[in-house]
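Spelled out, the chains give:
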Amino acid sequence: MGQITLICGTGFSERSDRIDRLWREHGEAALLLTPTRRLARMRQEAFVRKNQLPGLWGNRAYELTAFAASLLETSGTRVRMVSRLERQFMVRQLLEDLQTDTALVQYPCTPGLVKHVLRLITQMKQAAIEPARFRETLASGRDASDTDLYVAAVYEAYQKALVAGNRYDVPGLYWEADMLCRNGGARVPGGASVLLLDEFDDFTPSQQRFLESLSGHVSRMVIGINHNVDPDQDGLF
């Protein structure tokens, strides 16, 4: 695992300036990762102006999800994302298919149910809970309800459909990138050896797992977190 450094501070602190100094010191060996595409674009443009550069060779700032997709593509894995609308259609079809399963409790396939089940699936994937693990957890407990078993069946079918179609939702993208890093086959975009992350409030467990495995493929990772060390201000972050 490479060196991981945390820099905590508010938006008015020196946190981002310290990140920019590291970016300048490491030059083309460094990439900046941010929570949104807009921030990545703004930070790269500001970096060029502040340092009076003629420009940067290639893309040196990424939104975190776009970086994970680029890492997979650079490493030889074709990435095809599913849109929110595609995911809704997929879950609706799966719910309709499960209505023939007499072992499961049945619910009317309404738009509200589709959105609710999709939200539950997204939360479990963000929490890095795989379908098999969720099913095992239900099997080991005594309080699993008919609704829990219904969600487990939909979740399993949803994940199988994604795998069969070689498609990814956002949490699944991090799962695949994490597995690639753990297996040693990852190639960091641009040949970067230093990753600088800034303006994040927190990370989902699936993102955190990916970053931990990714740290083994770079010499240094610096993470700037929006946080105030004053205990009276801690609740704001």
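Basis of the calculations
- Counting restarts for each chain: residues are numbered from 1 in the order of the written sequence.
- With the structure being a predicted model, the display of local features is reserved for residues of pLDDT at least 70 and the display and counting of side-chain atom pairs for 80 or more, all residues being used for whole-chain, interface and lining totals.
- Excluded from the side-chain calculation are hydrogens and water; included are all heavy atoms of the structure.
- Per the convention used, a helix needs a DSSP run of H or I reaching at least four residues, while a strand needs a run of E reaching at least two, with both numbered from the N terminus.
- Only protein chains enter the accessibility calculation, which uses a 1.4 Å probe; a residue is then buried when its area is under 20% of its type maximum, exposed when over 50%, and partly exposed in between.
- The criterion used for residue contact is that any of the two residues' heavy atoms lie within 4.5 Å.
- Accessibility throughout is a Shrake-Rupley quantity obtained with a 1.4 Å probe, and a residue counts as covered only by protein chains that appear here.
- Positive charges come from Lys and Arg, negative ones from Asp and Glu, while His and the chain ends are left out of the count.
- For this purpose, a charge sits on NZ of Lys, CZ of Arg, CG of Asp or CD of Glu.
- Here is the rule: rings of Phe, Tyr and Trp (six-membered ring for Trp) pair when centre to centre is within 6.5 Å. Planes less than 30 degrees apart are stacked, more than 60 are edge-to-face, and the remainder are tilted.
- Charges are assigned to positions over rings by a cutoff of 6 Å between ring centre and Lys NZ or Arg CZ, combined with an angular limit of 35 degrees from the ring normal.
- Strand pairing is assigned whenever DSSP identifies at least 2 bridges connecting the two strands.
- The axes used here are C-alpha line fits, helices contributing only the stretch in contact, and every angle between their N-to-C directions lies in the interval 0 to 180 degrees.
- Residues adjacent in sequence count toward polar contacts only when both atoms are side-chain atoms; beyond that, a polar contact is any pair of N or O atoms within 3.5 Å, and within protein one must be able to donate a hydrogen and the other to accept it.
- Take a side-chain nitrogen of Lys or Arg and a carboxyl oxygen of Asp or Glu: if they are within 4 Å of each other, that pair is a salt bridge.
- For the purposes of this section, nonpolar cores are sets of buried Ala, Val, Leu, Ile, Met, Phe, Trp, Tyr and Cys residues that join through side-chain atoms within 4.5 Å.

Caption draft 1: Representation of the overall build of the protein within the structure. When its secondary structure is counted, the protein shows nine helices and five strands. If you list the helices and strands of the protein from N to C, you get β-α-β-α-β-α-α-α-α-α-α-β-α-β. Along the longest, intermediate and shortest principal axes, the C-alpha atoms of the protein span 65 × 45 × 30 Å. Counting the 237 residues in the protein, one finds 43% classified as buried. Sequence-distant contacts in the protein: of pairs separated by 6 or more residues, those separated by 24 or more amount to 77%. Only carbon and sulfur atoms are counted for the fraction: they give 50% of the accessible area of the protein, which is about 13000 Å². Placing the 28 positive and 29 negative side-chain charges of the protein at their respective mean positions leaves the two points 5 Å apart.

Caption draft 2: Expanded view of the packing of aromatic side chains. Using the criterion set out here, one finds five aromatic pairs in the structure. Ring centres of Tyr-107 and Tyr-150 lie 5.1 Å apart, and the angle between their planes is 75°; this geometry places the pair in the edge-to-face category. Taken as a pair, Tyr-107 in the loop between α4 (84-98) and α5 (111-126) and Tyr-150 in helix α7 (residues 146-164) lie far apart in primary sequence, 43 residues in all. Classification of Tyr-107 by relative accessible area gives partly exposed; the value is 27%. For Tyr-150, a relative accessible area of 2% puts it in the buried group. Sitting over the face of the ring of Trp-175, Lys-125 holds its NZ or CZ atom 4.9 Å from the ring centroid.

Caption draft 3: The arrangement of the sheet that holds strand β2 (residues 30-34) in detail. Strand order in the open sheet formed by five strands is β1-β5-β4-β2-β3, with parallel pairing between adjacent strands. Strand pairing shows two members of the sheet lacking a second neighbour, β1 (3-9) and β3 (61-63), which therefore form its edges. On average, each strand axis in the sheet is inclined to that of its neighbour by 20°, with strand direction left out of account. Alignment of β2 against strand β4 (residues 194-200), held across four bridges, turns out to be parallel. Within β4, the residue paired with Ala-30 across the bridge is Val-194. Lying on the sheet, helix α2 (residues 37-50) is in contact with β2, β3 and β4; it crosses β3 at an angle near 170°.

Caption draft 4: Highlighting the side chain of Asp-169. Among the structural elements, Asp-169 can be located in the loop between α7 and α8 (170-182). A polar atom in the side chain of Asp-169 sits 2.8 Å from the side chain of Tyr-158. Apart from the residues within four sequence positions on either side, Asp-169 is in contact with Met-81, Val-82, Arg-87, Lys-125, Tyr-158 and Leu-162.

Caption draft 5: Spatial organisation of the pattern of salt bridges. The tally for this structure, following the rule as stated, stands at ten salt bridges. The partner of Lys-125 in a salt bridge is Asp-169, and the shortest N-O contact between them spans 2.9 Å. Here Lys-125, found in helix α5, pairs with Asp-169, found in the loop between α7 and α8; they are 44 residues apart in sequence, far enough to count as distant. Each of the two residues, Lys-125 as well as Asp-169, counts as buried. Ionic pairing is found between Asp-178 and Arg-209, a salt bridge with its closest N-O pair at 3.4 Å. Taken together, the positions of Asp-178 in helix α8 and Arg-209 in helix α9 (residues 205-214) put the pair 31 residues apart, joining distant regions of the chain. For the pair shown, Asp-178 and Arg-209 are each scored as buried. A cluster of three or more residues bridged by salt bridges with shared partners is formed by Arg-15, Asp-20, Arg-43, Asp-198 and Glu-199.

Caption draft 6: Representation of the nonpolar core within the structure. Ranked by size, the top nonpolar core spans 29 residues in total, and within it Leu-64, Phe-67, Leu-195, Leu-197, Phe-210 and Leu-214 carry the most contacts. Elements that contribute at least two residues to this core include exactly β2, α3 (64-74), α8, β4, α9 and β5 (220-226). Per-element tally for this core: the top contributor is α3, with six residues. Setting aside residues up to four positions removed in sequence, Phe-67 forms contacts with Leu-31, Leu-33, Tyr-62, Val-188, Pro-189, Leu-195, Phe-210 and Leu-214.

Caption draft 7: Structural context of the environment of Met-124. Within the fold, Met-124 resides in helix α5. Judged by relative accessible area, Met-124 falls into the buried class, the value being 10%. The sequence separation of Met-124 and Phe-134 amounts to ten residues, and the corresponding C-alpha distance is 8.6 Å. In this structure, Met-124 is in contact with Ile-129, Phe-134, Val-151 and Tyr-155, ignoring residues within four places of it in sequence.

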